[in-house]
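# Coordinate analysis (summary)
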2 protein chains.
Amino acid sequence: MKKILIIGAGRSSPYLIDYLIDSAKEQGWEVCVADISLENALARTGKKPGTRAIAFDINNIEQRSDEIKNADIVVSMLPAFMHLQVANDCVKYGKHLVTASYISSEIAALDKEVKNKGLIFLNEIGLDPGIDHMSAMEIIERIKNEGGEIILFKSYCGGLIAPESNDNPWGYKFSWNPRNVVLAGQGTAKFLENGQYKYVPYSRIFSETENISVEGYGSFEGYANRDSLSYRKIYGLENVETMIRGTLRMPDYCRAWNAFVKLGWTDDTYNLEINEGLTYTELLRSFLSSEGKNIKKELAVFLNEDENSKTMQLLDWLELFTNKKVRLKKGTPAQVLQDLLEEKWKLKVTDKDMIVMQHEFKYRTQDSRLKTRDQKVVASLVVKGENQIHTAMAKTVGLPAAIAVKNILLGKIKTPGVLVPVSKEIYLPVMEELKKMGIDFKESIS
Amino acid sequence: MKKILIIGAGRSSPYLIDYLIDSAKEQGWEVCVADISLENALARTGKKPGTRAIAFDINNIEQRSDEIKNADIVVSMLPAFMHLQVANDCVKYGKHLVTASYISSEIAALDKEVKNKGLIFLNEIGLDPGIDHMSAMEIIERIKNEGGEIILFKSYCGGLIAPESNDNPWGYKFSWNPRNVVLAGQGTAKFLENGQYKYVPYSRIFSETENISVEGYGSFEGYANRDSLSYRKIYGLENVETMIRGTLRMPDYCRAWNAFVKLGWTDDTYNLEINEGLTYTELLRSFLSSEGKNIKKELAVFLNEDENSKTMQLLDWLELFTNKKVRLKKGTPAQVLQDLLEEKWKLKVTDKDMIVMQHEFKYRTQDSRLKTRDQKVVASLVVKGENQIHTAMAKTVGLPAAIAVKNILLGKIKTPGVLVPVSKEIYLPVMEELKKMGIDFKESIS
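Residues numbered from 1 in each chain as written. Chains lettered and ligands numbered in written order. Predicted model: local features only at pLDDT ≥ 70, side-chain atom pairs only at ≥ 80, totals over all residues. Heavy atoms only, no water.

### Observations regarding the interface of chain A and chain B
On the side of chain B, 30 residues touch chain A, which itself brings 30 residues to the contact. Of the roughly 2,500 Å² buried at the junction of chain A and chain B (both faces included), carbon and sulfur atoms supply 45%. Taken together, the links from chain A to chain B amount to two salt bridges. Among the ionic pairs, R232(A) bridges to E273(B), the shortest N-O distance being 3.9 Å. Remark: the boundary between chain A and chain B carries 26 residue pairs in polar contact (both at pLDDT 80 or more). (Contact = heavy atoms within 4.5 Å. Buried area = accessible area lost by both parts, 1.4 Å probe. Salt bridge = Lys/Arg side-chain N within 4 Å of Asp/Glu carboxyl O. Polar contact = N/O pair within 3.5 Å; in protein donor to acceptor, adjacent residues only side chain to side chain.)

Here it is in structure tokens:
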């Protein structure tokens, strides 16, 4: 009897766990859900037959090694920085590993050992990264097979709120790890634009956005993400002239978020001085160089905004100009901001979130008379969630990972190593199954 | 015979080594100068009697422990991140340690062990940090003894170029570690202004400067440095309402430097894509969101500058708008910038550098009828260098450390622990000796 160990039963796990419980039932496998909170784990397994729910502390070395020893495959849905301990145990005890996170250099360094032991460490198999890689590779392979040369690739994705549940001016609620949203964009974005390398520091990422239209859903704003350059090699696009991967937000979001960046309020490297009763207005005063007697006006001047601008309205909606008190007793600027936003951007029980992903390709073909022709493909995916628990985010992050776990256990994925899903062996069956479940891209060619 | 081991014979070491060689001659001690380059070490010892010069690799564990074992006191003039290895060996072998660098949390953590072994690890005993602490403490103690309560403390220091050697529009040449100049200000500056905590992120440090006048030397610009708040406790200024420590530059420097910050050109966290023959103009294009066809004009627009503004002239003087080629084959944006600046901001053989330090205190006294009175003290230090080697920087960094080394060996400094020079036992004799050598503050009280 094969045993699947799922570590982490948070926001992104419901569909993953449901899918694997169903597969386990069919195949006679066992599913163990391990979470720091037993209640969380039990809520996901529902005590169904063939399941086990346990309270699990990743730092309890004995428990961690016992559970990993006892499994055939491990799915780590923990925050990315926690994967390494799990990965090291998986190497030690010879177990497969699946995560939906970006490969860290430490995990990448395990490649040789993982291969030697014939193991599969499949990463970046969620939504973004995950479905983005797989759907892009499908189209890239098709264009290459048709003899086309890809000269442009832009890929944007956002975890947003469905229009019918959008009742706040930011057009945003948390459907996944709030910390990642607050820290998003830190570092430098690197991409390629018309053959020119472009480097955009954090201080400019939210002001140098691109307008992205998605048919049937209107306009979004995209900001550049991390290192797009490294994906040229991974995708086999060494000669591409424009290559950018980014994140989508509703209009107005990026400009208003940039206020926090300018203020320094997203810094996570030092603890604020938090006196008893500190209000948001007082804290805001600490981030402004002016005296802060008329805080709203001075902030507008600092941001070069009209006092009634959309950005100022968004900030006002967060109660920054009131005597609302900071709840945390200790914390970095980013942690204090996150605490406020978790209150303001909370998904209500019946709220529906919405995933939007869109790829744009331009490619060049030659006809028999060597005449070149440029064409464009736009492929879009929109998935809406059902409610606060069964979110589009959980569905699109969890199902690719779940399907991959099943395929590894069934021996359909055989190639060992530390992998991302850009080989046909991995992405073809996953994408096929996702399509059947309604996670399907719409394409337009022009 | 007592043995002094000096590790690092770089820019800041000449006066330190000369002073300790002279003291050693008087006292019958031995001085060993260890540097990665034997030539450097020999240039400093001049093969004088009682000295030894050695080629020394800090990563050669055997050599490092042998030399430290063999010494009574170690002076580390290495870059700050290299001190820890030396410090650990000093604990292990029971040797005193002196550095001119900020205490890192790792070094601070050695305090208990250092105390248990009766050792003295004296840090921050150079110029800034160093003379700033000691000269401030002298005045703070005096004011307190007079019954005054300090309500404001501002302290600025800069390693600049003397007016007579100032032949470039930046008003700046390298008199110490160029890397530190390029990375200066990264992080968040924290200070206190009229009772209000202020946090200034890197993106604003060079635009939110203060004008500082030094009598006889005109106007300078000061930008805030690191964490000024932690010095309230160290200086015993828990009730101060304004507390800021900062760095001085010539006028125009900060605004022009901020161009590099805005562009992201001071980032040291990723390697640039450097193709054969890359020019500075091409690289500049990578940091701009616009196409860069008319690079100078587009940069001016990006910076919100007139095309002939002072800032644009300073950037132009660095040949950013020419076909000048990037020399490094590999490097971060900061490293590539540093390489250019090391060429442009090189101290000529006969150039004189200049150290400027200025403290401002405001304090409140009560007379016998409980009437309060506010007074101001301004204390300024200006030191000019002799030439490219015997710089004011080397003098003011090296002499305090050298005097402290002598006093430790003579038993005049007795209190063990990981220390900074804010106790009278340390700063009184050092300041007295510095005064005799012409490093003397001018004070005005109003």
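### Section: the packing of aromatic side chains
Scanning the entire structure with this criterion turns up 42 aromatic pairs over all chains. Note on W257(A) and F260(A): the rings are 5.3 Å apart at their centroids and 65° apart in plane angle, and the pair reads as edge-to-face. On the criterion of helical spacing, the pair formed by W257(A) and F260(A) is a turn pair, its members being three residues apart in helix α11 (residues 253-263). Here the two residues W257(A) and F260(A) agree in accessibility, since each one is buried. Each ring, one from Y202(B) and one from F206(B), has its centre 6.4 Å from the other, and the planes form 80°; the classification is edge-to-face. The same class applies to Y202(B) as to F206(B), namely buried. Taken together, W170(A), Y172(A), F174(A), Y253(A), W257(A), F260(A), W265(A), Y270(A), Y280(A), F287(A), W345(A) and Y199(B) form an aromatic cluster joined through their ring pairs. Geometry around Y231(B) places R245(B) over its ring, the cationic atom sitting 4.1 Å from the centre. (Phe/Tyr/Trp six-rings, centres within 6.5 Å; stacked < 30°, edge-to-face > 60°. Helix = DSSP H or I, 4+ residues; strand = E, 2+ residues; numbered from the N terminus. Buried < 20%, exposed > 50% of the residue type's maximum accessible area, 1.4 Å probe, protein only. Lys NZ or Arg CZ within 6 Å of the ring centre and 35° of its normal.)

### Thoughts on the nonpolar core
The biggest cluster of nonpolar side chains holds 133 residues, and the ones touching the most others in it are W170(B), W257(B) and W265(B). At 12 residues, helix α16 (residues 392-409) of chain A tops the list of elements feeding residues into this core. Within the second largest apolar cluster, 132 residues are counted, among which are I244(A), L288(A), I21(B) and A53(B). (Core = buried A, V, L, I, M, F, W, Y, C linked by side-chain atoms within 4.5 Å.)

### Focus: the sheet that holds strand β2 (residues 30-35) of chain B
Residues and elements named next belong to chain B. Reading across from one edge, β3-β2-β1-β4-β5-β6-β15 is the order of the seven strands in this open sheet, with parallel pairing throughout. The open sheet has two free edges, formed respectively by β3 (51-55) and β15 (417-419), since each of these has just one partner strand. On average, each strand axis in the sheet is inclined to that of its neighbour by 15°, with strand direction left out of account. Inspection of the sheet shows strand β5 (residues 96-99) paired to strand β6 (residues 120-122) by two bridges, in the parallel sense. When the bridges of β6 are listed, V98 appears paired with L122. Of the strands in this sheet, β2 and β3 are in contact with helix α2 (residues 38-45), which crosses β3 at around 165°. (Pairing = 2+ DSSP bridges. Axes fitted to C-alpha atoms, helices over the stretch in contact; angles between N-to-C directions.)

### Let's talk about helix α13 (residues 295-303) of chain A
Residue and element names in this part refer to chain A. Inspection of α13 places I295, E298, L299, A300 and L303 among the buried residues, and these make up the whole buried set. Looking at the buried residues of α13, the elements they touch are α11, α12 (280-287) and α14 (310-317). One or two positions beyond α13, positive phi appears at N304, with a value near 60°.

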